[in-house]
Amino acid sequence: MSHEYSIAIHGGAGAMSKGKLSLEQEDEIKAVLQTIIAEGLANLKEGQSALDVVQKAVNRLEDCPWFNAGKGAVFNHEGKHELDAAIMCGKTLDAGAISGIRFSPNPIDVARSVMDNSPHVYLGGVGAEQFVRDHSLPEVDNDYFSTDMRFQQLQSALKTQSVILEPTSNDYKFGTVGAVAKDRHGNLAAATSTGGITNKEYGRIGDTPVIGSGTYANNSTCAVSATGHGEHFLRHVIGYNISARMALAKENLESASKHVVFEDLLSTGGSGGLIAVDSDGNITLPFNTEGMYRGWGTSSIPAQSLIYEE
Ligand code: ASP
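Keep in mind it's a predicted model, so treat the numbers as computed, not measured. (Residues numbered from 1 in each chain as written. Predicted model: local features only at pLDDT ≥ 70, side-chain atom pairs only at ≥ 80, totals over all residues. Heavy atoms only, no water.)

S.K.: I'd like a rundown of the overall build of the protein, residues and numbers included.
M.R.: Along the protein, the regular secondary structure elements total 8 helices and 12 strands. By the compact-globule yardstick of 19 Å for 310 residues, the protein fits well, its C-alpha radius of gyration being 17 Å. Overall, the C-alpha framework of the protein stretches about 50 × 45 × 35 Å when taken along its three principal axes. Out of the 310 residues belonging to the protein, those deemed buried represent 60%. In the protein, of all internal contacts separated by at least 6 residues, the share reaching a separation of at least 24 is 71%. Element-wise, carbon and sulfur atoms account for 50% of the exposed surface of the protein, whose accessible area totals about 11900 Å². Within the protein, one finds 24 positive and 37 negative side-chain charges whose respective centroids are separated by 1 Å. (Helix = DSSP H or I, 4+ residues; strand = E, 2+ residues; numbered from the N terminus. Rg over C-alpha atoms; globule rule 2.2 N^0.38 Å. Buried < 20%, exposed > 50% of the residue type's maximum accessible area, 1.4 Å probe, protein only. Contact = heavy atoms within 4.5 Å. Areas by Shrake-Rupley, 256 points an atom, 1.4 Å probe, with all protein chains shown as cover. Lys, Arg positive; Asp, Glu negative; His and termini not counted. Charge placed at Lys NZ, Arg CZ, Asp CG, Glu CD.)

S.K.: Break down unusual backbone geometry for me, with residues and values.
M.R.: In this structure, Leu93 is a non-glycine residue whose phi angle is positive, near 65°. Structurally, Leu93 can be placed in the loop between strand 2 (83-89) and strand 3 (95-101). Here Leu93 falls in the partly exposed class, since its relative accessible area comes to 44%. One non-glycine residue with positive phi stands out, namely Asn199, at about 70°.

S.K.: Before we move on, can you summarise the packing of helix 7 (residues 238-248) against helix 8 (residues 253-267) with the specific residues and values?
M.R.: Their axes nearest at 9 Å, the elements helix 7 and helix 8 cross at an angle of 135°. It follows that helix 7 is oblique to helix 8 by the angle criterion. The handedness of the crossing between helix 7 and helix 8 comes out as right-handed. Facing helix 7, whose interface residues are Ile238, Asn241, Ile242, Arg245 and Met246, helix 8 presents Leu253, Ala256, Ser257, His259, Val260, Asp264 and Leu265. Within the contact of helix 7 with helix 8, the residues separate by chemical class into 7 nonpolar, 3 polar and 2 charged. (Axes fitted to C-alpha atoms, helices over the stretch in contact; angles between N-to-C directions. Parallel < 35°, antiparallel > 145°, perpendicular 65-115°, else oblique. Left-handed = near helix turned anticlockwise from the far one by under 90°. Nonpolar A, V, L, I, M, F, W, Y, C, P; charged D, E, K, R; others polar.)

S.K.: Break down the pattern of salt bridges for me, citing the residues and quoting the values.
M.R.: Per the counting criterion, the structure on display carries 8 salt bridges. Taking the shortest distance from any N to any O, the salt bridge between Glu4 and Arg184 comes out at 2.8 Å. With Glu4 in the segment before strand 1 (6-14) and Arg184 in the loop between strand 5 (177-182) and strand 6 (188-194), the pair connects residues that are 180 residues apart, well separated along the chain. Take Glu4: its relative accessible area is 39%, and that puts it in the partly exposed class. Residue Arg184 is classed as partly exposed on the basis of its relative accessible area of 38%. Close ionic contact of Glu129 with Arg102 constitutes a salt bridge, the shortest N to O distance being 2.5 Å. With Glu129 in helix 4 (residues 125-134) and Arg102 in the loop between strand 3 and helix 3 (107-117), this residue pair connects regions lying 27 residues apart in the sequence. Classification of Arg102 by relative accessible area gives partly exposed; the value is 33%. (Salt bridge = Lys/Arg side-chain N within 4 Å of Asp/Glu carboxyl O.)

S.K.: Before we move on, can you summarise helix 5 (residues 148-160) with the specific residues and values?
M.R.: For helix 5, built from 13 residues, the straight-helix expectation of 18 Å at 1.5 Å per residue is met to within 8% by its first-to-last C-alpha distance of 19 Å. Within the span of helix 5, buried status applies to Arg150, Gln153, Leu154 and Ala157. Projected down its long axis, helix 5 carries its buried residues within an arc of 100°, all on one side. Summarising the geometry of helix 5, the exposed residues directed more than 90 degrees from the buried face are Asp148 and Lys159. Remark: Gln161 follows helix 5 within two positions and exhibits a positive phi of approximately 50°. (Expected span 1.5 Å × (residues − 1). Arc of directions from axis to C-beta.)

S.K.: Could you give an account of the side chain of Arg294, with specific residues and numbers?
M.R.: With respect to the secondary-structure elements, Arg294 resides in strand 11 (residues 291-298). Salt bridges are absent for the buried Arg294, whose nearest opposite-charge side chain, Glu309, sits at 5.6 Å. At 3.0 Å, the side chain of Arg294 and the backbone oxygen of Ile307 are in polar contact. Apart from residues lying up to four places away in sequence, Arg294 is in contact with Ile9, His10, Leu33, Leu285, Phe287, Gln304, Ser305, Leu306, Ile307, Tyr308, Glu309 and Glu310. (Polar contact = N/O pair within 3.5 Å; in protein donor to acceptor, adjacent residues only side chain to side chain.)

S.K.: Please provide a residue-by-residue account of the nonpolar core, values included.
M.R.: Within the largest apolar cluster, 47 residues are counted, with the highest numbers of intra-cluster contacts made by Ile7, Ile9, Ile87 and Ile98. A per-element tally of this core places helix 2 (residues 50-63) first, with 7 residues. When sequence neighbours within four positions are dropped, the list of residues in contact with Ile9 reads Leu33, Ile36, Ile37, Ala57, Leu61, Gly178, Ala179, Ile275, Tyr293, Arg294 and Gly295. Counting residues in hydrophobic clusters, the runner-up holds 17 residues, among them Ala13, Val180, Tyr216 and Ala217. (Core = buried A, V, L, I, M, F, W, Y, C linked by side-chain atoms within 4.5 Å.)

S.K.: Describe the site of the ligand, naming the residues involved and giving the relevant values.
M.R.: Close contacts around the ligand come from 10 residues, with Thr176, Arg204, Asp207, Thr227 and Gly228 the closest. Within the backbone of Gly228, a nitrogen or oxygen atom sits 2.7 Å from a nitrogen atom of the ligand. At 3.0 Å from an oxygen atom of the ligand is found a main-chain nitrogen or oxygen belonging to Gly230. Here the shell around the ligand is built from residues that sort into no nonpolar, 7 polar and 3 charged. (Near = heavy atom within 4 Å.)

Set out below in structure tokens:
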């Protein structure tokens, strides 16, 4: 089946045991996800580009303190926040990525600006922050990102000297955010934004900003945004892996995505999930954890959202 336009979003994969969230909380989260999808569908219907639509959807998720991106991002070992983000256009293969940024409220906007206003794809750390200043992009204090829930998570991680990987922790948590879309012009795009993982080492970079790993888009195959244990997503080059299976092995979106989530990732113990869309606007949202916050809709399917397998 072909869809004129489509969008999917995620708010992280995780082992949020059913019952940890109250039914009211579940409904509230699902309503937020559905609202963002409904806005995305309206923008796509109006003819906006997939690139603009995924950026806007990620902006909304970054601004929501429940999720581990922008406001509400996790703490690193030093008790600070270091944020990563990437965006990619499937038509031109233009991409922008940043990592280790400490004072931009919406890291996805910085990634987009790197793509639009620099000759580079990826800026890291102090160089990325210099870019923010040079381009007069918005700045906030690092504690703008702090929330009590994330502070408590750091305290328990410090006690046990563990690095809490959002997707595998037993507590209920909200993770990395991302969006993929196909627009009416047939173009695909992907965007992902994260605070990384709780108690991560200073300077640690996961899969999210790495083009081809946590974020990838190519009109000839698919657009992908991933969430999960980043080290494994990096090792298996998840986004490009799906695209290559489609291009070279002629697999369809669903079978290529399931292969990387249930075979490649699990073969090294990697947990998580992803959202992906193909050039016909088909959507897939596989995950190998108990749940993944997710929403989707197309020109023919109204806004939907789910947390668990249903
Ligand atoms: N993939 C992200 C990272 O490893 C974390 C997540 O998706 O929750 O930085």
